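# Observations on the three-dimensional arrangement
Given next are the chains, with one letter for each unit.
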Amino acid sequence: MFKLAAEAQALETVGLERVLELFQDRVHTVSKRKQRTDYFDVGSERFTLERDRDGRVQASRVDHVVGGVRIRSENLKLSDWIATALVRFQAEAGQSAMARSALERLLGLS
């Protein structure tokens, strides 16, 4: 049971690191005493991760933003957060050459 949980966490960590690598030019980080918050925007959504001092994810959410104002937040499991970020980025990649080339690099297509 513990081994399965550890493997699931490892897969999420690899996926998370790949997503953060994909968005590296967009990621903003705010560090406080016991917490680090990373976020990036895709369209009108802000993808936010809150981590403890050791790097463990404490919260993952998507904020829906209009005119710079957060109108609602949606807390997601980390795996759902990763999948949602990639789907949104893929949609953006269809409209942006830069995003498209980044996605191709991530998927190993170039």
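Okay, so let's go over this structure. (Residues numbered from 1 in each chain as written. Predicted model: local features only at pLDDT ≥ 70, side-chain atom pairs only at ≥ 80, totals over all residues. Heavy atoms only, no water.)

### What about the environment of Thr-84?
With respect to the element layout, Thr-84 can be found in helix α2 (residues 78–93). The spatial distance from the C-alpha of Thr-84 to the C-alpha of Val-62 is 8.8 Å, given a sequence separation of 22 residues. One polar contact links the side chain of Thr-84 to the main-chain carbonyl oxygen of Asp-80, over a distance of 2.8 Å. (Helix = DSSP H or I, 4+ residues; strand = E, 2+ residues; numbered from the N terminus. Polar contact = N/O pair within 3.5 Å; in protein donor to acceptor, adjacent residues only side chain to side chain.)

### Observations regarding the pattern of salt bridges
The final tally for this structure, using the stated rule, is eight salt bridges. For Asp-38, the salt bridge is made with Arg-36, and the minimal N-O distance between the two is 3.2 Å. Given the relative accessible area of 36%, Arg-36 is considered partly exposed. For Glu-50, the salt bridge goes to Arg-61, with nearest N and O atoms at 2.7 Å. With Glu-50 in strand β3 (residues 45–52) and Arg-61 in strand β4 (residues 57–66), this pair connects stretches of sequence that are 11 residues apart. The pair formed by Glu-50 and Arg-61 is uniform in burial state, with each residue classed as buried. (Salt bridge = Lys/Arg side-chain N within 4 Å of Asp/Glu carboxyl O. Buried < 20%, exposed > 50% of the residue type's maximum accessible area, 1.4 Å probe, protein only.)

### Description of the nonpolar core
Counting residues in hydrophobic clusters, the biggest one holds 18 residues, and the most contacted among them are Leu-16, Val-19, Phe-23, Phe-40, Phe-47 and Trp-81. Among the secondary structure elements, those contributing two or more residues to this core are α1 (2–22), β2 (35–42), β3, α2 and α3 (97–107). If you tally residues by element for this core, the top one is α2, at five residues. Dropping the residues within four chain positions of it, Val-19 is found in contact with Phe-40, Trp-81, Ile-82, Ala-85 and Leu-86. (Core = buried A, V, L, I, M, F, W, Y, C linked by side-chain atoms within 4.5 Å. Contact = heavy atoms within 4.5 Å.)

### Notes on the environment of Leu-78
On the secondary structure map, Leu-78 appears in helix α2. Residue classification places Leu-78 among the buried positions, given a relative accessible area of 9%. Here the alpha-carbon distance between Leu-78 and Leu-49, two residues 29 residues apart in the chain, equals 8.9 Å.

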